[in-house]
Amino acid sequence: MANETPPRWDRKMQQRLARGEAAALGELYDRFASLVHSLSHRVLDDESAADRATRDVFGYIWENPHAYDPKKGPMRSWIAGVTQEIAAGWLRRQHSGQGPQPPESPERREQIEEKVRAASTAARADYIVTSMPSSLRAALELTYFQRRDYRQAARQLDVTEDEARRRLRLGLQLLSSAASHPMPAHPTALGRPR
């Protein structure tokens, strides 16, 4: 997996951040800034807004290192979740005053929430694809982008047909989780009201 870190690294990084080591934040930024920015950009579809959201994500991490719980998974996943929440908050604020309907109207709120859900699902799907093992990603790319069936993918990947089907099934199961875990309609970002 891209940028995957061992659990020990995650715990040590959290401890360093908790002690206020600026070098730890720099190291974390170097490792995860491209992930944070790409997820933010996917949700916001705006370069400068993605830059601001990226700064907000690392600011939140700096101020709240104990919000990460190593028992709940890798730091990379936590950072992706923080990014998704912050970018979705930016998107809600960006759209809350636009359009012919007042922001309080239920129709307008539902339009904004639908856009946030769609962008968040797309960002989760991007994250899942970039995080999955390359063997699964390659099988999906062959079948989806290059329109190969599982037999052709098996030959091209030099694996058995059963293995190609297994990789496709696992890859599709991972991708389906992007849509099966939608964001709540009105979440609070990281404990702060929006």
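Residues numbered from 1 in each chain as written. Predicted model: local features only at pLDDT ≥ 70, side-chain atom pairs only at ≥ 80, totals over all residues. Heavy atoms only, no water.

Looking up the protein chain in an unreviewed UniProt entry gives the name RNA polymerase subunit sigma-70, with the organism given as Streptomyces abyssalis. For the record of the protein chain, the UniProt heading Sequence similarities (unreviewed entry) holds the text "Belongs to the sigma-70 factor family. ECF subfamily." (UniProt positions renumbered as here; feature names shortened; annotations may be inferred.)

**Student:** Explain the nonpolar core here, please?
**Tutor:** One broad trend across soluble globular proteins is that nonpolar side chains are buried collectively. Core analysis: the largest hydrophobic core is formed by 33 residues, its most contacted members being Leu28, Leu44, Ile61, Met75, Trp78 and Ile79. Looking at this core, the elements with two or more residues in it are helix 1 (7-18), helix 2 (22-44), helix 3 (47-63), helix 4 (75-95) and helix 5 (106-131). Ranked by the residues each element gives to this core, the list is headed by helix 4, at 10 residues. With sequence-adjacent residues up to four places away left out, leucine 28 is seen in contact with Trp9, Met13, Leu17, Ala33, Phe58, Ile61, Met75 and Ile79. Met132, Leu136, Ala139 and Leu140 belong to the second-largest nonpolar core, a separate cluster that totals six residues. (Core = buried A, V, L, I, M, F, W, Y, C linked by side-chain atoms within 4.5 Å. Buried < 20%, exposed > 50% of the residue type's maximum accessible area, 1.4 Å probe, protein only. Helix = DSSP H or I, 4+ residues; strand = E, 2+ residues; numbered from the N terminus. Contact = heavy atoms within 4.5 Å.)

**Student:** What should I look at first to understand the packing of aromatic side chains in this one?
**Tutor:** Think of a pair of aromatic rings as described by two things: how far the centres are apart, and how the planes are tilted against each other in angle. Tallied over the full model, the rule gives four aromatic pairs. Measuring from ring centre to ring centre gives 6.4 Å for tryptophan 9 and phenylalanine 32, while their planes differ by 65 degrees; the resulting arrangement is edge-to-face. Of this pair, tryptophan 9 sits in helix 1 while phenylalanine 32 sits in helix 2; the two residues are 23 residues apart in sequence, bridging distant segments of the chain. Summarising the aromatic geometry, the rings of tyrosine 68 and tryptophan 78 are spaced 5.4 Å apart at their centres and angled 50 degrees between planes, so their arrangement reads as tilted. With a gap of 10 residues between them, tyrosine 68 in the loop between helix 3 and helix 4 and tryptophan 78 in helix 4 connect regions that are remote in the sequence. (Phe/Tyr/Trp six-rings, centres within 6.5 Å; stacked < 30°, edge-to-face > 60°.)

**Student:** Looking at this structure, I do not really get the environment of histidine 37. What am I missing?
**Tutor:** Topologically, histidine 37 is positioned in helix 2. The spacing of histidine 37 and alanine 50 is 13 residues in sequence and 5.8 Å in space, taken between C-alpha atoms. With residues up to four places along the chain from it excluded, the contact list for histidine 37 reads Glu47, Ala50, Asp51 and Thr54.

**Student:** I keep staring at helix 4 and nothing clicks. Help me out?
**Tutor:** Count 3.6 residues to each turn of an α-helix, and residues three or four apart come out pointing the same way. A rise of 1.5 Å per residue sets the reference length of helix 4, with its 21 residues, at 30 Å; its end C-alpha atoms lie 30 Å apart and thus fit the reference within 8%. Taking burial as the measure, the 21 residues of helix 4 include 16 buried ones, the bulk of the element. (Expected span 1.5 Å × (residues − 1).)

**Student:** What should I look at first to understand unusual backbone geometry in this one?
**Tutor:** Glycine aside, a negative phi is what most residues show, and trans is what most peptide bonds show. A positive phi angle, close to 55 degrees, is found at aspartate 45, a residue other than glycine. Looking at the secondary structure, you find aspartate 45 in the loop between helix 2 and helix 3. For aspartate 45, a relative accessible area of 63% translates into the label exposed. Unusually for a residue other than glycine, arginine 147 sits at a positive phi of about 55 degrees. Position of arginine 147 relative to the elements: it lies in the loop between helix 6 (134-144) and helix 7 (150-157).

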